[in-house]
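Residues per chain are reported as follows:
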Amino acid sequence: MYSKEELLQMSTLIRDAATNRVAMFSNEKAAKNADEAIRKFHNEILGGELDWQSWRNNKNAIFTIWENVLKPELPEAWKTSPFYKKMCEVKNGAIGDKNAFAVRDKSYLAASKFSGGTWDVEYQKVGRAKDIAIDTEWSYVACYEELDRFLKGYTTIIEMLNEVREGFAVDMDNRIATVFNGLGAYLPSKFVQQGTYDKDTLIDMIRRVRTANRKNTIVAGSQRAVSKIAEGTNANWISNAAKDELATSGVVVKNTGIGCDAIIIPDSFVPFTYEFAGADDTLYVLPDEQIIKIFYEGDVRSKEAHEDEEHDQTIRIQFQHKVGVELITSDLFGKYTIA
């Protein structure tokens, strides 16, 4: 029987191996030894027997390890993504965070002229922040593998868990796309534009958003939408820095010539299709802050699904976590749909 500490140590080793930290800080031999140690540990938990009885009698300890490996957190790819670092505020209930995001109301102080020599002036209420909780819902990834292949290491534990992590990451990308697809329904008419891309139209929208919020702005969109910024720039005066940026990345996000940076919303497919989930023809002019709120509620759960119904020597495993993704801001923003 393994202690909680031993199970956590194995979880840490698997997490490091799954994210290439073992290979990064050591060498290929060390990474191979880590895989062998992981396989050996699991075989020991199963009593060294690759049969149904050992799996049935000891699988809960293995599920505990896997749940610790897959604990709710941002996908690895997000940790270096400019979009998620700049635009997303993340909280995790599993480590004690409260599902509450502070958002200021829309009021602001207006300065007024007066003749002086008196304190009898009109007082205004200072806008205060209020906490907003976001709705969460369950997300799951289900997989199966033949028992012999799984236990003998033909399909490694790291490979399987990385597939699960990737499934959760795709789900999060789709949720982000859905959030953006719903933007703009109740905006004032001056903050909504559509038609053929025009640089001056975009600049005017940037000015409105900046002036309304008294904040810096950022333009967000798909790679295709953001590429319109460079296409709409006069080639006679585009800077060398912008040319270099365009040549290396296909878009201009820093040297845009529109008065603010741009940022690309990561692409994702609609589940079970090859259709893009996000709008491909829209530029969003946003306040330059973390307006996307993500809350992980609780821990990852796993179990063997329908174990009493399987007769083909397979194990079917389901992993679940509960998460909420919403865009919350009291600021005005702009939506430019390009024909």
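Residues numbered from 1 in each chain as written. Predicted model: local features only at pLDDT ≥ 70, side-chain atom pairs only at ≥ 80, totals over all residues. Heavy atoms only, no water.

> Can you help me understand the overall build of the chain in this one?
Across its full length, the chain holds 10 helices and 11 strands. Burial analysis of the chain (339 residues in total) assigns 40% to the buried set. (Helix = DSSP H or I, 4+ residues; strand = E, 2+ residues; numbered from the N terminus. Buried < 20%, exposed > 50% of the residue type's maximum accessible area, 1.4 Å probe, protein only.)

> Got a minute to help me understand the pattern of salt bridges in this structure?
Any two side chains of opposite charge can pair, on the condition that their charged atoms come close. Inspection of every chain in the model, using the stated rule, returns 10 salt bridges. A salt bridge links lysine 59 to glutamate 304; its shortest N-O distance comes to 3.0 Å. Here lysine 59 is found in helix H4 (residues 52-69), whereas its partner glutamate 304 is found in strand S9 (residues 292-304), with 245 residues between them in sequence. According to the relative accessible area criterion, glutamate 304 is buried, its value standing at 5%. A salt bridge links lysine 322 to glutamate 297, with the nearest nitrogen and oxygen atoms 3.7 Å apart. (Salt bridge = Lys/Arg side-chain N within 4 Å of Asp/Glu carboxyl O.)

> Can you help me understand H4 in this one?
With 18 residues, H4 ought to run about 26 Å at 1.5 Å a step, and its terminal C-alpha atoms sit 24 Å apart, in line with that. At asparagine 58, H4 shows its largest kink, close to 60 degrees. Residues of H4 that are buried include every one of Ser54, Trp55, Lys59, Ile62, Phe63, Ile65, Trp66 and Val69, and no others. (Expected span 1.5 Å × (residues − 1). Bend = angle between axes of the 7 residues up to and from the residue.)

> When you look at the side chain of glutamate 304 in this model, what are you seeing that I'm missing?
Side chain to side chain, glutamate 304 and lysine 59 meet in a polar contact 3.0 Å long. Apart from the residues lying within four places of it in its own chain, the contact partners of glutamate 304 are Trp52, Trp55, Lys59, Phe63, Ile315, Arg316 and Ile317. (Polar contact = N/O pair within 3.5 Å; in protein donor to acceptor, adjacent residues only side chain to side chain. Contact = heavy atoms within 4.5 Å.)

> Is there a simple way to explain the packing of helix H1 (residues 4-18) against helix H7 (residues 157-181) in this structure?
The description of two packed helices rests on the angle between their axes and on the distance between the axes. At a closest axis distance of 10 Å, the pairing of H1 and H7 adopts a crossing angle of 75 degrees. The orientation of H1 with respect to H7, classified from their angle, is roughly perpendicular. Of H7, the residues touching H1 (which contributes Ile14, Arg15, Ala17 and Ala18) are Ile158, Leu161, Asn162 and Arg165. (Axes fitted to C-alpha atoms, helices over the stretch in contact; angles between N-to-C directions. Parallel < 35°, antiparallel > 145°, perpendicular 65-115°, else oblique.)

> Help me understand the sheet that holds strand S6 (residues 217-221), please; the structure alone is not making it clear to me.
The strands making up a sheet associate through backbone hydrogen bonding, with each pair oriented either parallel or antiparallel. Taken in spatial order, the 5 strands of this open sheet run S5-S11-S8-S6-S7, and their pairing is mixed. Single-partner strands in this sheet number two, and they are strand S5 (192-195) and strand S7 (262-264). Each adjacent strand pair in this sheet contributes to an overall mean axis angle of 20 degrees, direction not counted. Sheet topology note: the S6/S7 ladder contains 3 bridges and is parallel. Across the sheet, glycine 221 pairs through a bridge with isoleucine 264, a residue of S7. (Pairing = 2+ DSSP bridges.)

> Please clarify how empty space enclosed by the protein should be interpreted in this entry.
Empty pockets left among the atoms are what a rolling probe the size of a water molecule brings to light. Using the criterion set out here, one finds 2 cavities of 30 Å³ or more in the structure. When its volume is computed, the largest cavity comes out at roughly 120 Å³. For the largest cavity, the lining is made up of 14 residues, of which Ile265, Pro266, Asp267, Gly278 and Ala279 are closest to its centre. A total of 3 residues in the lining of the largest cavity trace back to one element, the largest contributor, which is H7. Split by residue class, the lining of the largest cavity holds 8 nonpolar, 4 polar and 2 charged. (1 Å grid on protein atoms, 1.4 Å probe; cavity = no way out; pocket = protein on both sides within 12 Å on 5 of 7 lines; lining within 4 Å. Points joined across faces, edges and corners; volume = space filled by probe spheres on them. Nonpolar A, V, L, I, M, F, W, Y, C, P; charged D, E, K, R; others polar.)

> Could you clarify how one ought to interpret the environment of alanine 277 in this entry?
Topologically, alanine 277 is positioned in the loop between S7 and strand S8 (282-287). Here alanine 277 falls in the buried class, since its relative accessible area comes to 18%. Separated by 96 residues in the primary sequence, alanine 277 and asparagine 181 have C-alpha atoms spaced 8.6 Å apart. If we skip the residues at most four places from it in the chain, alanine 277 touches Asn174, Ala177, Asn181, Ser268, Phe269 and Val270.

> What am I meant to see in the packing of aromatic side chains here?
Within a pair of aromatic rings, the relevant descriptors are the distance that separates the centres and the angle that separates the planes. A full pass over the atoms with the stated rule returns 8 aromatic pairs. Seen from their ring centres, phenylalanine 63 and tryptophan 66 are 5.7 Å apart, and the 70 degrees between their planes marks the pair as edge-to-face. Separated by 3 residues within a single helix, phenylalanine 63 and tryptophan 66 lie in helix H4, roughly one turn from each other. Just as phenylalanine 63 is buried, tryptophan 66 falls in that class too. Between tryptophan 66 and phenylalanine 319, the ring centres sit 6.3 Å apart and the planes meet at 50 degrees, which makes this aromatic pair tilted. Pair noted here: tryptophan 66 is in helix H4 and phenylalanine 319 is in strand S10 (residues 314-327), with a separation of 253 residues, a long-range link. As far as the burial class goes, tryptophan 66 and phenylalanine 319 line up, both buried. The rings of Phe83, Tyr84, Phe180 and Tyr284 are connected pair by pair, giving a single aromatic cluster. (Phe/Tyr/Trp six-rings, centres within 6.5 Å; stacked < 30°, edge-to-face > 60°.)

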